[in-house]
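# Inside the fold
Spelled out, the chains give:
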Amino acid sequence: MLRFSFYILLLAGIWSCADAPEPDPVMEVKPTGNASLIRNPVADASAAPADTSAVARMTFEENEFQFGEVKEGAIVRHTFRFTNTGRTPLLITDARSTCGCTVPSYPEQPIAPGASGTVEVVFNTAHKYGRQRKPVTLTANTYPSMTTIYVDGTVINE
């Protein structure tokens, strides 16, 4: 009986492999729109030291905003100002925080070299207590590709 079960399982395995569909062919995706701005010419870490002088640069007036002490439930807003000090248009592709209480907004259009822009960060202190340091990580066509800014302060319960 054991031998018969073995042959049944072997045949079932062969039949299931024979009916497996062929994988879809890989298609090359061509960049459109601003996609060429997103490519980072210094992204290959295995290459020799790269020339970063031709990439966009995001230079902030301040990387951190100290909001001091606020009562729990307050909404803290701050606008971070930056300048593209690089030689190519700056394109921010993403902005994320570590929790839903901190919401960033950023320009979706490219920022020309020498031009300025802003990133607004809104921090909702509801259900937060004590010292709070909330990072916002921006992804852009810069080197390195991620830049982090912070809102920092203390939430008190009165």
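Everything below is about the structure shown above.
What comes next concerns the included structure. (Residues numbered from 1 in each chain as written. Predicted model: local features only at pLDDT ≥ 70, side-chain atom pairs only at ≥ 80, totals over all residues. Heavy atoms only, no water.)

Of the strand pairs in this sheet, strand β4 (residues 92-97) and strand β7 (residues 130-140) are connected by five bridges, and their pairing is antiparallel. For A95, the partnering residue across the bridge sits in β7 and is L138. Sheet analysis places β7 next to strand β8 (residues 146-156), joined by 10 bridges and oriented antiparallel. Bridging from a neighbouring strand, L138 pairs with T147 of β8. (Pairing = 2+ DSSP bridges. Helix = DSSP H or I, 4+ residues; strand = E, 2+ residues; numbered from the N terminus.)

What follows concerns the pattern of salt bridges. Enumeration over the complete set of coordinates arrives at five salt bridges. Residue R96 pairs with D94 through a salt bridge whose shortest N-O separation is 2.5 Å. Its relative accessible area of 23% is what places D94 among the partly exposed residues. Here R131 makes a salt bridge to D152, at a shortest N to O gap of 2.5 Å. One end of the pair, R131, is in strand β7; the other, D152, is in strand β8, and 21 residues separate them in sequence. Taken together, the shared-partner salt bridges connect E64, R131, R133 and D152 into one network. (Salt bridge = Lys/Arg side-chain N within 4 Å of Asp/Glu carboxyl O. Buried < 20%, exposed > 50% of the residue type's maximum accessible area, 1.4 Å probe, protein only.)

Turning next to the nonpolar core. The biggest cluster of nonpolar side chains holds 23 residues, and the ones touching the most others in it are M58, F60, F82, V119, L138 and I149. Counting residues per element, the ones that place at least two in this core are β1 (58-60), β2 (64-71), β3 (75-84), β4, β6 (116-124), β7 and β8. Excluding anything up to four places from it in sequence, V119 contacts F60, H78, T79, F80, F82, I92, S105, Y106, L138 and I149. (Core = buried A, V, L, I, M, F, W, Y, C linked by side-chain atoms within 4.5 Å. Contact = heavy atoms within 4.5 Å.)

Moving on, we come to the sheet that holds β2. The sheet built from four strands is open, its strands ordered β2-β8-β7-β4 with mixed pairing. Each edge of the open sheet carries a strand with a single partner, namely β2 and β4. In this sheet, adjacent strand axes meet at a mean angle of 20 degrees when their direction is disregarded. (Axes fitted to C-alpha atoms, helices over the stretch in contact; angles between N-to-C directions.)

Attention shifts here to the state of the cysteines. On inspection of all chains with the given rule, the structure shows one disulfide. Across the disulfide from C99 sits C101; the S-S distance is 2.3 Å. Since its relative accessible area comes to 23%, C99 is described here as partly exposed. When its relative accessible area of 12% is taken as the criterion, C101 is described as buried. (Disulfide = S-S within 2.5 Å.)

So, about the packing of aromatic side chains. Evaluation of the coordinates by the stated rule reveals three aromatic pairs. Judged by centre distance (6.4 Å) and plane angle (85 degrees), the ring pair of F60 and F80 falls under edge-to-face. Taken as a pair, F60 in strand β1 and F80 in strand β3 lie far apart in primary sequence, 20 residues in all. Residue classification places F60 among the buried residues on the basis of a relative accessible area of 11%. A ring pair is formed by F67 and F123, whose centres lie 5.8 Å apart and whose planes are at 45 degrees; its orientation type is tilted. Of this pair, F67 sits in strand β2 while F123 sits in strand β6, and the two are 56 residues apart along the sequence. Residue F67 is classed as buried on the basis of its relative accessible area of 11%. Taking the relative accessible area as the measure of exposure, F123 reaches 0% and is therefore buried. Clustering of aromatic rings is evident, with ring pairs tying together F60, F80 and F82. R133 extends its terminal NZ or CZ atom over the ring of Y150, reaching a point 3.9 Å from the ring centre. (Phe/Tyr/Trp six-rings, centres within 6.5 Å; stacked < 30°, edge-to-face > 60°. Lys NZ or Arg CZ within 6 Å of the ring centre and 35° of its normal.)

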